[in-house]
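As a plain string of letters, each chain reads:
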Amino acid sequence: MRPTITALAGLVACAFVAPATAATYTVQTSFNAGDFSTQYLTEHWLPKIAEMTGGRVEIALTPNGSVVPAKETPHAVGLGVIDGDWTSVNYFSWLEPAFAILGDLISGYDTPQQMAGFCENGPGEAVWQKALDEVSDGEAHLVGCAPYSREALPARVPIRTFDDLKGKKIRAPEGLASAVFQAAGASPVSIPFSEVYGALEKGIVDAADASAYVNNASTGLNDVARYPLYPGIHSMPSMQLSFNREK
């Protein structure tokens with residue numbers, strides 16, 4: 001019986017061996033390399049993906065602009081230049097007007113839970129996919145959408161009232177966010193996130209609709225713009241996780 005038992009033991013051992021090679025998918029995020037969010041995803045989410053898929057799937061997460069500009073990721077995903085993206089979709093408003101509202105409905109939600117409900121339980125994902133189809137020729141598949149968080153507004157000067165916005169130069173993404181600031185009397189300026197620190201430090205802008213407070217603190221924005229507004233009603237961006245449909 002010993003040879004039989006030995007053979008059985010060998011089969012059992014083989015059954016628990018992880019696949020020789022995992023499928024690795026390149027996913028570009030709109031977060032920067034030094035952001036808290038990038039570090040958190042790298043430390044917690046990536047290992048969880050590998051664990052939950054038994055080693056069959058691994059994600060290579062790359063930071064903002066590492067392969068293509070953030071605003072071009074739908075095209076890149078559709079063409080297979082990158083396998084997927086985890087991006088704040090207000091970058092896509094120049095491609096499809098619906099993303100101006102889907103990406104950041106300024107002051108439209110009281111809590112992140114409301115936006116999550118729209119995505120998960122309401123018509124959010126269906127509407128989102130329709131917009132995504134328009135800009136990717138139907139080749140990008142939405143896995144899910146979700147709110148990021150309320151964003152902070154680091155400012156070099158105190159902004160305590162609505163009237164204080166008048167005449168201020170504020171970095172804001174293209175689309176609805178810029179339109180709202182402009183309607184308030186401010187002068188919106190489109191600046192990549194990677195250049196926000198320098199713009200605030202040099203006084204090119206007075207304030208920046210940039211990111212969550214934790215990211216602004218970790219990247220030093222609050223050191224050069226010492227009057228952060230948080231929580232703010234101005235911005236609560238939504239994120240999408242999409243993959244090339246074939247992948």
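These figures come from a predicted structure and were not determined experimentally.

Caption draft 1: Structural view of the nonpolar core. One finds Val89, Phe99, Leu102, Trp128 and Leu132 to be the most contacted residues of the largest nonpolar core, which totals 16 residues. At the level of elements, helix 3 (73-79), helix 4 (98-103), helix 6 (124-136) and strand 4 (140-147) are the ones that each hand at least two residues to this core. No other element matches helix 6, which puts four residues into this core. Those residues in contact with leucine 132, other than ones at most four positions away along the chain, are Pro74, Phe99, Ala140, His141, Leu142, Gln240 and Ser242. By size, the runner-up hydrophobic cluster in this structure holds 13 residues, among which are Tyr25, Met239, Leu241 and Phe243.

Caption draft 2: Expanded view of the sheet that holds strand 5 (residues 169-171). The sheet built from three strands is open, its strands ordered 6-5-7 with parallel pairing. The open sheet terminates on both sides in strands that have one partner only, identified here as strand 6 (187-189) and strand 7 (207-208). One ladder, built from three bridges, connects strand 5 with strand 6; its direction is parallel. When the sheet's bridge partners are listed, isoleucine 170 is paired in strand 6 with proline 188.

Caption draft 3: Up close: the sheet that holds strand 4. As summarised here, the arrangement of the five strands in space is 2-1-3-8-4, forming an open sheet in which the pairing is mixed. Single-partner strands in this sheet number two, and they are strand 2 (57-62) and strand 4. Within this sheet the neighbouring strands show an average axis-to-axis angle of 20°, counted without direction. As defined by bridge partners, strand 1 (residues 23-29) adjoins strand 3 (residues 84-88) across three bridges and the pair is classed as parallel. Across the sheet, glutamine 28 pairs through a bridge with aspartate 85, a residue of strand 3. Running over the sheet, helix 5 (residues 112-120) touches strand 4 and strand 8 (238-244) and is turned about 155° from strand 4.

Parameters and conventions
- Residues numbered from 1 in each chain as written.
- Predicted model: local features only at pLDDT ≥ 70, side-chain atom pairs only at ≥ 80, totals over all residues.
- Heavy atoms only, no water.
- Core = buried A, V, L, I, M, F, W, Y, C linked by side-chain atoms within 4.5 Å.
- Buried < 20%, exposed > 50% of the residue type's maximum accessible area, 1.4 Å probe, protein only.
- Helix = DSSP H or I, 4+ residues; strand = E, 2+ residues; numbered from the N terminus.
- Contact = heavy atoms within 4.5 Å.
- Pairing = 2+ DSSP bridges.
- Axes fitted to C-alpha atoms, helices over the stretch in contact; angles between N-to-C directions.

Shape is all these values report; function is a separate question.
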